[in-house]
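# A look at the structure
Here is what each chain is made of, one letter per residue.
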Amino acid sequence: MRRYVFRDGHFRDPETGTPMTLPAGPLARPGITRPMPEYASPIDGRVISTRHERREDMKRNNCVEAGDMPSPTGGKIRNKAFAAKRGLTVSEDYR
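The rules we used
Along each chain, numbering runs from 1 in the same order as the chain's sequence is written. Restriction of local features to residues with pLDDT of at least 70 applies here, the model being predicted, together with a cutoff of 80 or more for giving and counting side-chain atom pairs; totals for whole chains, interfaces and linings are based on all residues. Note: side-chain values were computed over all heavy atoms of the structure, leaving out hydrogens and water. Ring geometry is summarised as follows: Phe, Tyr and Trp rings, the Trp one being its six-membered ring, pair when their centres sit within 6.5 Å, and such pairs are stacked at plane angles under 30 degrees, edge-to-face over 60 and tilted between the two. Any residue under 20% of the maximum accessible area for its type is buried, any over 50% is exposed, and the rest in between are partly exposed; the area is computed with a 1.4 Å probe on protein chains only. Here a cavity means grid points, on a 1 Å grid over the protein atoms only, where a 1.4 Å probe fits yet cannot get out; a pocket means an open set of points with protein on both sides within 12 Å along at least five of seven lines; lining residues are those with an atom within 4 Å of a point. Grid points are joined across faces, edges and corners, and a volume is the space filled by probe spheres set on the points. Residues are grouped as follows: nonpolar covers Ala, Val, Leu, Ile, Met, Phe, Trp, Tyr, Cys and Pro; charged covers Asp, Glu, Lys and Arg; every other residue, Gly included, is treated as polar. Helix and strand labels come from DSSP, where a helix needs a run of H or I of at least four residues and a strand needs a run of E of at least two; each type is numbered from the N terminus. Any two residues whose heavy atoms approach within 4.5 Å are treated as being in contact. Here a salt bridge means any side-chain nitrogen of Lys or Arg lying within 4 Å of a carboxyl oxygen belonging to Asp or Glu.

### Comments concerning the packing of aromatic side chains
One pass over the full model with this rule turns up one aromatic pair. Consider the rings of Phe-6 and Phe-11, whose centres lie 4.9 Å apart with planes at 65°: the pair is edge-to-face. Residue classification places Phe-6 among the exposed positions, given a relative accessible area of 54%.

### Focus: the layout of surface pockets
The space that makes up the largest pocket amounts to roughly 210 Å³. Split into classes, the residues belonging to the lining of the largest pocket amount to seven nonpolar, one polar and one charged.

### Topic: the environment of Arg-3
Along the chain, Arg-3 falls in the segment before β1 (5-7). C-alpha separation for the pair Arg-3 and Asp-13, spaced 10 residues apart in sequence, amounts to 6.8 Å. If we skip the residues at most four places from it in the chain, Arg-3 touches Asp-13 and Pro-14.

### Remarks on the pattern of salt bridges
A pair can form between side chains of opposite charge whenever their charged atoms are brought close. Applying the stated rule across the entire model yields five salt bridges. Glu-56 is the salt-bridge partner of Lys-59, the closest N and O atoms lying 3.7 Å from each other. Pair noted here: Lys-59 and Glu-56 are both in helix α1 (residues 51-60), with a separation of three residues, about one helical turn. Take Lys-59: its relative accessible area is 61%, and that puts it in the exposed class. Asp-57 is paired through a salt bridge with Arg-60; the nearest N and O atoms lie 3.2 Å apart.

Below is the structure:
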């Protein structure tokens, strides 16, 4: 496997200095997540400064992320105006 170094804004061959040829299509690259701001837990007041501490705080206090909560209707749509606005259909259970 060839190795490259980053010089002058491009990945280059370390021996020849020629720029790396890019493959067609999207490039795979590492994702970097920003550090989260420090806050006091609304449940027990402990200071939370890392994602690990947040997960542990939620587990300790028997909480879940809002996006992970189950739908009260089980994913079925019952509001006609909501469905019409989004081009969806109302569930058979709520017609």
